[in-house]
Amino acid sequence: MRSTFQHITCWLLLFAHSTFGQSNTLGLSDGFLSFNTSTFAVQLVKDSQTLYSLTTVDGGFNFIPSDMMADRANNGNYHLGDITFRARTVGSTAWTTGDTSTSRVKLTASSVSGNTRAAANLAPTLPRGSLLNITRQWVVDDNVLQLLFDVTNSQTSAVEIGSLGAPLEFNNIFTDRTAAQTNTLCSLFDPYIGQDAGYVQVTPLLGTLPPLVVLPVGQSPLEGWRFLPESTVLTPFYQSQTFEGLYEWDFHTLAYAEDEWASTTPWNAPTSFVLQPGQTRTYGLQFRVAPSIREIESTVASTGQPVAVTIPGTILPADQIGKVFLNTNTTVANITVSPAGALTWATNIDALTAGWLGYTITPHTWGRSRLSVTYSDGRLQTIHYYVTKGATAALDDLGTFLTTSQWYTNTSDPFHRAPSVISYDRSVNAPVTNDPRVWIGGLGDEAGSGSWLAAAMKQFVQPDAAEVAKLEQFVNQTLWGTIQNRNNATVKMSVFFYQPDLVPNYVYPSNEDWTVWWSWNQASAWATGRGYDYVHVTAAYWAMYRVARNYPSLVSVHDWQWYLNQAVLTVATLTDGQVGYADDGLMGETVIHYLLNDLQREGLTANATLVQSKMKSRWQIWSTERYPFGSEMAWDSTGQEGVYIWSTFFNDSVTALNALNSIIAYQPVVAHWGYNGNARRYWDNIYGGKLMRIERQIHHYGSGLNALPLIESFEANPTDYYLLRAGFGGLSGPLSNIDEEGFASASFHSFADTLAWDAYSGDYGPNFSGHSMGMGTFIINHPDFGWQAFGGNIVATSPAVQVQIKDSVRRRVFIAPLGALLSLDSGAFSTISYNPTAKTVTVTITPVADGTTGAASAPVGRLVIAQSAPVAGEGLLKPTSSLATDAGAFVIPFTNGAGTVTLS
């Protein structure tokens, strides 16, 4: 809600630290130093020699927030060109600190020649008696801009550098900008924390402009990635919804690992470096522009730096085999794994193109792991993995946890929240019933509906009789009647509220602060004007329709027609003109597309026409706007999904492409499980997390939801493998949230002092919703790597490509060379055999997926075939034998525990 954003800004200011540095110390009034490279027009602040402007010569895009610099000219504001460090004399234990942002004074420029464009010794802006003598240079080497720090030990004894970092400042400031300004002026930046192979990508929000790539110079590893604390009091409101904040490229991190990071395991092994008396070591960064976001990796490789491509990504279920392909101009000397034995590796011969080395990765140990590759030239590259339980087993655990530990049965609750699947606090292993953010315990918003939404969508992909029985109770007793009003189908924002006079016998915990705006009274909590809530309700009904339609023996309260009608009624109420945000793209609304498709398949023309006309009215609004991604927030990554889905449906390729490019800008592809496919989210821990902090969230619901347009676009363009990699990375994210017992966290905290899953279940539900609708197995013939499967294991490639289907859902298989999507309404894909010469596909389907313990067996397999891009001259795939059909699906009987069909 826009009013919510205003409230949260006030809340952040209320709790912000109130001290800030001396003002106007940057020296803007004294002017700038300007020079050009073949790529950039560069401006430095003359007094500080920090970067003021970095503008592309071809296109005129400025990566630096020059227009905000006057508001960020104080001590304590970080800029590109600053440096921080901790050092100590060898033999001592205490670290001394240095930070050029803390106490700025005008620097004396050094004389320069040759490639050096500006230089200055930083001693005046570092603590007196600093152990390190640092000179900064701005250099243009072979037309490439470089930032170099010559770090010298000027002492008479050896000095250990425990931390050394280069703050990065790019224009991710949305404060006081219009939508057009934000989208055309701003960028987001993310790291590949890969040591000597590390880099940072800075992607303009349009998604179409050339991105900036920051790379190391010499021995300057990206060992750590540290959030930089600044004052949050003054405009442009650092660490807020409109300004996430800045980060630091850390070359060494041991000092932090011994102190602030001591309670966690850093991404990379912490290091220090010992400088002998008089010794100098140079650390540096270089700045290059890639032609496009899709070409970031090739730009990195063109510098001679190693690049890793992981298939299917870096989140590996225990029953799936991974691949990693290394592009390097040298040889691999050694590969190690941490923790030991968590992964094993073996060389493979998959690579078809010179310069690539292939390895097969087998997962063994649940949780985080790191593959460290040492090259013959001494460079170190780290690739970060997350291993989950077998994919279907993880969903088994999720469903069990949601319907046991999170099953709320207190029938004396005055807010009538029972029975329900309610929010959960993993740190105390108890339901969340009294958080002052009332929606979390009130079954509303994303953070309160998330758990019951996940439980419902889990039944769509893997129904379990005991779980379905509980979901029936929830839907028919609590959803329909408490959350959703039976008289008009409106949906409450929260059923829990703070108003002691209305519930005199209810004890609100006295140790909580109930005075903040989010402790709504009944009138505010029971308001029905938030459109996002209606999508979650629709999804629950639709999931139960799918269960009742395809597993009829599991339901007993209503038939499938009732659930389908309830979903339509909820969509109709959402779009009746009385509900707010109905004309914005709504998170998870791909389910309405699924609903429409099912209405058409069932021959329910009147309801299908109604839903389609409502969606068309929304699309018509978006089709007139360049940035139709509005939401409750000043900038968001939630609207793009719906805008893409319906623009594509109504053949509006321009609006669909705008939405897709927007997603590409904020959903990176890197060899790190936390960032690969991780759509930008950074404020929702305030609304739904236990640790309430503005920070880059890892695999929050943006991952699963924004993956849906990426995957749909790949299916329409089956040689655009970048879309598959980004999309599959996003779809895999929600698996990593599920712990070994089935609890699913809302997101992972990315700050280096935490690196842990949040304790609240929060708004995990939309993330899983995206996962359930988009996950599948994707079979490709890659020009560099040959036959590969995302979501499955290839066991043979000749004469037929044989694939074990191993994804969590087992309901979708896409064969890219045929442009063919095979999907199941019931049953589970087991194997696929594709003969490229004969153009035949043999499909084996089982009543239940392997790896599960409680999933219900399907009475029959129901197969749907779609081809977005059939091979020219080959026609559409169809069964070679006669099969009965029902609502557009081929009915496949099971014999001896399986059903097989050949398509040609």
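Here the structure is shown first, and the text comes after it.
The written sequence of each chain sets the order in which its residues are numbered from 1. Only residues with pLDDT of at least 70 are given local features in this predicted model, and only at 80 or more are side-chain atom pairs given and counted; all residues enter the totals for whole chains, interfaces and linings. The side-chain numbers reported here are obtained from all heavy atoms of the structure, hydrogens and water having been left aside.

## Comments concerning the sheet that holds strand β40 (residues 861–867)
The sheet built from seven strands is open, its strands ordered β33-β32-β36-β37-β40-β42-β41 with mixed pairing. Only two strands of the sheet have a single neighbouring strand rather than two, namely β33 (786–790) and β41 (885–886). Sheet topology note: the strand β32 (residues 777–782)/strand β36 (residues 812–815) ladder contains three bridges and is parallel. Residue T777 lies in a different strand from β36, and its bridge partner there is V813. Note on contacts: a residue pair is in contact if any heavy atoms of the two residues lie within 4.5 Å. All axes here are fitted lines through C-alpha atoms, helices being fitted over the stretch that makes contact, and every angle between N-to-C directions spans 0 to 180 degrees. The secondary structure listing takes helices from DSSP runs of H or I that are at least 4 residues long and strands from runs of E that are at least 2 residues long, numbered from the N terminus. The sheet contacts of helix α18 (residues 721–736) involve β32 and β33, and relative to β32 the element is tilted by about 150°. Here, any two strands with at least 2 DSSP bridges between them count as paired.

## So, helix α14 (residues 639–649)
Most of α14 sits inside the fold, with nine of its 11 residues counted as buried. Residues of α14 that are buried: G639, Q640, E641, G642, V643, Y644, I645, W646 and S647. Taken together, the buried residues of α14 touch α12 (590–601), α13 (605–622), α15 (653–666) and α17 (701–716). N651 lies just past α14 and shows a positive phi near 60°. Burial classification: accessible surface area is computed with a 1.4 Å probe over protein chains only, and a residue below 20% of its type maximum counts as buried, one above 50% as exposed, and the rest as partly exposed.

## Digging into the environment of I173
Inspection of the secondary structure puts I173 in the loop between β9 (159–168) and α2 (179–185). When its relative accessible area of 1% is taken as the criterion, I173 is described as buried. Counting along the chain gives 108 residues from I173 to P65, while the straight-line C-alpha distance between them is 7.3 Å. Filtering out sequence-adjacent residues up to four positions away, I173 remains in contact with P65, M68, R72, C186, P236, T242 and F243.

## A few points about the sheet that holds strand β30 (residues 748–749)
Spatially, β29-β30-β31 is the arrangement adopted by the three strands of the open sheet, whose pairing is antiparallel. Looking along the sheet, the strands with just one partner apiece sit at the ends: β29 (697–698) and β31 (756–757).

## Thoughts on the side chain of N767
Of note, N767 is situated in helix α19 (residues 764–774). Distance and chemistry together define a polar contact, namely a pair of N or O atoms within 3.5 Å, with one atom able to donate a hydrogen and the other to accept it when in protein, and with adjacent residues in sequence counting only for side-chain atoms on both sides. At 3.1 Å, the side chain of N767 and the backbone oxygen of H699 are in polar contact. Setting aside residues up to four positions removed in sequence, N767 forms contacts with H699, H700, Y701, S703, G704, P734 and N737.

## Structural notes on the layout of surface pockets
Using a grid of 1 Å spacing that covers the protein atoms alone, one calls a set of points a cavity when a 1.4 Å probe fits there but cannot get out, and a pocket when the set is open and has protein on both sides within 12 Å along at least five of seven lines; lining residues are those with an atom within 4 Å of a point. Grid points are joined across faces, edges and corners, and a volume is the space filled by probe spheres set on the points. Volume-wise, the largest pocket comes out at about 1,100 Å³. Considering the residues around the largest pocket, the lining is formed by 47 residues, among which H593, E712, E715, R812 and L821 are closest to the centre. Elements that contribute at least two residues to the lining of the largest pocket include exactly α12, α14, α15, α17, α19, β36, β37 (820–826) and β40. Looking at which element gives the most residues to the lining of the largest pocket, the answer is α12, with seven residues.

## Points about the packing of α12 against α14
The axes of two packed helices give the description: the angle between them and the distance between them. One can describe the packing of α12 onto α14 by two numbers: an axis separation of 9 Å at closest approach and a directional angle of 30°. Classed by the angle they form, the pair α12 and α14 counts as roughly parallel. Residues T590, I592, H593 and L596 of α12 form the contact with α14, whose own contacting residues are E641, I645, W646 and F649. For this classification, under 35 degrees means roughly parallel, over 145 means roughly antiparallel, 65 to 115 means roughly perpendicular, and everything else is oblique.

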